[in-house]
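Structural overview for review
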Amino acid sequence: MLRLEYVYWLLGAFLVFTAAANLRERRFAVAGFWAILACPFLFGEAIAAALASGSRWPAQAMGVGVLALGILASQSRGTPALVPDRKNNKTAILGRTSQPKAEDPGASAQRFGNRLFGPALLIPLVTLLLALGGPHLHWNGATLLDAKQATLVALGLACSIAFVAALRVTRASVGAGLGEGRRLLDAMGWAALLPMLLATLGSVFAATGVGNAIAALVGDVIPVDSALACLLAFALGMVVFTTIMGNAFAAFPVMMAGIGLPLLVQRHGAAPAVLGSLGMLTGYCGTLLTPMAANFNIVPAVLLELRDQYGVIRAQWPTAIVLLAVNVVLMALLVWR
Amino acid sequence: MNYWPLLGVAVVVAGFALRRNPVLVVTVAGVVSALAAGMGIGDLLALLGRSFIDNRALLLLAMTLPVVGLLERFGLRERAREWIAGFRNLTLTRFLVAYLGLRQVLSMLGLYDLAGHAQTVRPLVAPMSEAAAARTVGELDEDERERVAALAAATDNVGRFFGEDVFLAFGAVLLIQGFYAQHGIALDPLAIALWALPTAIAAFVIHALRIAIFERRMRRRMRDTRPATERVNAEA
């Protein structure tokens, strides 16, 4: 059976490749950054297993690694800034990584034409086929893909297949292909780390009772006899808390336990299914507003080489605000139907 | 109730407001929050390490980078632009609204990782949007290019977010069901997922309108800044 762990190992190997390439260029801080980031992918399962059997030091060592990543990302000169520097990008392209002879992408586009689309489209297509069919495929008596994580395993496999296809179309070497991936990864720099780190912060907030403290504060302020006031507090609480945590999933249990369940469902008789569904989506409006949701709002700004790191948020906040208003009205109309 | 862990939230808000390095802000916020809660160093490190590993799936998008990087090196984005420019009646609005609808439907089917900023937006959707915009208003300057690219990314976000909750097996639906189950309320996932439909439709309508408004404003901006002769060329 193909497990997600194998995909993680592959990704870990790519990170090690990136670290080694930077090491060769004597960019030690950057090399160290990617080397540490490779650890959760190469040893993640082993660390989790050790923790389960009562041995805490590997997880603690990883914790030290997390702090080291934070310091390296904020200190190292070599790690690219969030505002992309086109010139630096150029030097990285012309750097010492083994590259195919520099060719003008425009001329190359003429030469390869639509064949370039093939490998790019293979990523979604193969992911689709494997995610839908993978759990039903059997090989030597075992299912081909781990059913619980079929989509992510499928994505990893699809990327590998598309990479081979891209190498065949362009006739570039494996080293050159990985070098191009490394160029993009270096250009993203610490922005690549941010989503994982923010999710980690969410776990820390949950473990230290930040959510309960906020729910208690909100509960003290609102007039609990008014059903509408409770609903507004719940909706705004979802948005504000999602904005702070960058994740509606983290906000949901907190706001439900603090306001949704005791006040709206139990006291004012709101329909739980409607409240849960619309409450979560109200939180999603907050996700569109916050830099804390880095993988959706900050990483694309870097990927698209926007000079304004909040450019994507600027493009979507009006949608979020209008939708939030619509959602609150929908809730008020539907939960007490 | 111990309110001191809220200091971590204050660190986050202050850090982002002062535009300090987000990685450093987040790291400091975690440490402050844990120490304020009275957590020991050993527990803090184990918690950090454990949560970091639990959330590593978020870096899987890096798997696409070698493919995307290699194809871009050989002109993928240029080719995407040329291809879109060949369509006679395609406008930015038509292109992005179609992508929004497609993204929502795919997410509703549970295929939310099919597209994304690294997989589709950077290599395909953003350059295609730029080409579609350039077809109607002429060559974009850097400010306009960035606005169009940002709108493409925003469209991907809206399509994904307000499609995925309609999918039964999506984490959010299961989280809602699990929360109620813990508190003695049994719900069918289908009952939860269906209530996401009204918001999904509202999100499509609102964002599609905003895309259309964006294109109209862009045309007006370009008309104002451009000399008359060039305008004739662009419209011809």
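Scoring rules and cut-offs
- Residues numbered from 1 in each chain as written.
- Chains lettered and ligands numbered in written order.
- Predicted model: local features only at pLDDT ≥ 70, side-chain atom pairs only at ≥ 80, totals over all residues.
- Heavy atoms only, no water.
- pLDDT = per-residue confidence, 0-100.
- Helix = DSSP H or I, 4+ residues; strand = E, 2+ residues; numbered from the N terminus.
- Contact = heavy atoms within 4.5 Å.
- Salt bridge = Lys/Arg side-chain N within 4 Å of Asp/Glu carboxyl O.
- Buried < 20%, exposed > 50% of the residue type's maximum accessible area, 1.4 Å probe, protein only.
- Phe/Tyr/Trp six-rings, centres within 6.5 Å; stacked < 30°, edge-to-face > 60°.
- Lys NZ or Arg CZ within 6 Å of the ring centre and 35° of its normal.
- Domains from an automatic or database assignment.
- Buried area = accessible area lost by both parts, 1.4 Å probe.
- Polar contact = N/O pair within 3.5 Å; in protein donor to acceptor, adjacent residues only side chain to side chain.
- Nonpolar A, V, L, I, M, F, W, Y, C, P; charged D, E, K, R; others polar.

**Examining the confidence of the model for chain A**
Residues and elements named next belong to chain A.
- Mean pLDDT over chain A stands at 83; residues scoring 70 or higher make up 90%.
- Model confidence for chain A, summarised as mean pLDDT per element, is weakest for helix α4 (residues 86-93) at 38 and strongest for helix α16 (residues 311-334) at 96.
- Confidence over residues 77-101 falls short of pLDDT 50; this stretch has 39 contacts with residues more than four positions distant or in other chains.

**Observations concerning the pattern of salt bridges**
- Following the criterion strictly, the structure yields 26 salt bridges over all chains and no others.
- In this structure, Arg122(B) engages Glu305(A) in a salt bridge whose closest nitrogen and oxygen atoms are separated by 3.6 Å. Highlighted residues: Arg122(B) in helix α7 (residues 117-137) and Glu305(A) in the loop between α15 (299-303) and α16, drawn from two different chains. Considered together, Arg122(B) and Glu305(A) belong to a single accessibility category, that of buried residues.

**Re the packing of aromatic side chains**
- Counting across every chain of the model gives twelve aromatic pairs over all chains.
- Measuring from ring centre to ring centre gives 5.6 Å for Tyr284(A) and Phe161(B), while their planes differ by 65°; the resulting arrangement is edge-to-face. On the criterion of chain membership, the pair formed by Tyr284(A) in helix α13 (residues 272-287) and Phe161(B) in helix α8 (residues 142-164) is interchain, its members lying in two chains.
- Judged by its relative accessible area of 2%, Phe161(B) falls in the buried class.
- Following the ring pairs from residue to residue traces out a cluster consisting of Tyr284(A), Phe296(A), Phe161(B) and Phe162(B).
- Against the face of Phe214(B) rests Arg221(B), its NZ or CZ located 5.9 Å from the ring centre.

**Quick notes on the domain arrangement of chain A**
- Splitting chain A by domain gives domain 1 (1-91 + 172-192), domain 2 (101-171) and domain 3 (209-334).
- For domain 2 of chain A and domain 3 of chain A, the distance between their C-alpha centroids amounts to 36 Å.

**Description of the interface of chain B and chain A**
- Between chain B and chain A, the contact holds 110 residues from the first and 143 residues from the second.
- Summing both partners gives a buried area of about 11300 Å² for chain B against chain A, and 77% of it is carried by carbon and sulfur.
- The largest share of the area that chain B buries against chain A comes from Phe52(B), Arg73(B) and Phe74(B), three residues that together contribute 8% of it.
- In this structure, the connection of chain B to chain A is made through seven salt bridges.
- Across the contact surface, chain B and chain A share 25 residue pairs in polar contact (both at pLDDT 80 or more).
- Broken down by element, the side of chain B that touches chain A gets its largest block of residues, 15 residues, from α8(B).
- Class assignment of the residues belonging to the side of chain B that touches chain A gives a composition of 70 nonpolar, 20 polar and 20 charged.

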